[in-house]
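Report on the structure
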Amino acid sequence: MRILHLDSGREMRGGQWQALRLHEGLAAAGHDSLLLARADSPLFALARERGAAVQALRPLRLAQQSRSFDLVHAHDARSHTLGALFARAPLVVSRRVAFAVRDGALSRWKYRRPALFLAVSHFVARQLHDAGVDERKIAVVYDGVPVPAQTALGDEILIPFTDDPAKGMDLALAEAKRAGVTARVTRNLSADLPTARALVYLSQSEGLGSGILLAMAHGVTVIASNTGGVPELIEDGVNGILVANEAGAVATAFPRIGQQLGDAARLTVMRRFTVAHMLTGTVEAYERVLANA
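Let us look at the structure shown here. What you see is a predicted model, and the numbers here were worked out from it, not measured in a lab. (Residues numbered from 1 in each chain as written. Predicted model: local features only at pLDDT ≥ 70, side-chain atom pairs only at ≥ 80, totals over all residues. Heavy atoms only, no water.)

Here we come to the pairing of strand E6 (residues 116-119). Taking every second residue as pointing to the same face, both faces of E6 are buried, with Leu116 and Leu118 on one and Phe117 and Ala119 on the other. As paired elements, strand E5 (residues 91-95) and E6 share four bridges and run parallel to each other. When the bridges of E6 are listed, Arg95 appears paired with Ala119. In this fold, the crossover linking E5 to E6 by way of helix H5 (residues 105-112) has right-handed handedness. In this structure, E6 lies alongside strand E7 (residues 138-140), joined through three bridges in parallel fashion. Opposite Leu118, over in E7, you have Ala139 as the bridge partner. (Buried < 20%, exposed > 50% of the residue type's maximum accessible area, 1.4 Å probe, protein only. Helix = DSSP H or I, 4+ residues; strand = E, 2+ residues; numbered from the N terminus. Pairing = 2+ DSSP bridges. Right-handed = clockwise from strand over helix to strand, strands pointing away.)

With that settled, consider the sheet that holds strand E12 (residues 241-243). Taken in spatial order, the five strands make up an open sheet running E9-E8-E10-E11-E12, and their pairing is parallel. In this open sheet, the two strands that pair with only one neighbour each are strand E9 (184-186) and E12. Ignoring which end each strand starts from, the neighbouring axes of this sheet average 25° apart. Note that strand E8 (residues 156-160) and strand E10 (residues 196-201) share three bridges and pair parallel. Bridged to Glu156 within E10 is Ala196. (Axes fitted to C-alpha atoms, helices over the stretch in contact; angles between N-to-C directions.)

The subject of this paragraph is the pattern of salt bridges. Summed over the entire model, instances satisfying the criterion amount to twelve salt bridges. Note that Arg38 is salt-bridged to Asp40, the shortest N-O span being 3.2 Å. According to the relative accessible area criterion, Arg38 is buried, its value standing at 19%. Looking at Asp40, the relative accessible area reads 57%, which means it is exposed. Glu206 serves as the salt-bridge partner of Lys167, at 3.0 Å between the closest nitrogen and oxygen. Of the two residues, Lys167 is situated in the loop between E8 and helix H7 (169-179) and Glu206 in the loop between E10 and helix H9 (210-217); the sequence distance between them amounts to 39 residues. Lys167 gets classed as partly exposed once you look at its relative accessible area, which sits at 21%. A single salt-bridge network, built from bridges that share partners, covers Glu156, Arg184 and Asp192. (Salt bridge = Lys/Arg side-chain N within 4 Å of Asp/Glu carboxyl O.)

Dropping the structure here:
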């Protein structure tokens, strides 16, 4: 297969990591995969550093470029718009966000264009269906993360840095203080997880939570908001801890942190949420689109 990936993100967030891992996995499996990203983005720089095929995303060239590919895969909202306007091959769109699809003539047109949506969770799939997308045009493909050779060995309780008030960093810090535990804000989760014991990941809405998966892969106990697609990753008291986004509720979770939960979390990732699982699910979705083209 020949797949053209589009990502217009300015930051290196979960969606960009998934796009890069998928792009690299497809190329390693023998597919012809090309990534178009903003020339000034961290994704572009990292893809080039890792030797992945990447070019600058230029919207006005997209129509011509896409003619030589079997599929165009848009990985973010703006790329969805660009693909809807200019793609000359079947369009696949990844939907990762937890908020509802906007209602309006332009939005309805945009959401009719893709041949298939890849929802990051069943929660997101239901939102697409509720917005009027035919269920036959929706497939659930979970994020995939690498599993490190060793589990985390440390005692730190980490809180991801964010300037988004809906992501709950301030609540997590306040609840750690209420519980009398020391927690540290991390700006580089991947680098800090090997020394962690727990991750506090709070959010008002979450399509799935690739940061949660990354911590689980390290065998770290995750305390996460019981919202959106997060319960599709974590079963409370089995492989992590689910909490309400309320003062007092999060504080009670800290005494429950334990290695047994972390070990179960790591096993969950190995069984269902590796990069290989994500790659297999995506290729199956591509084949489904091409069979109906």
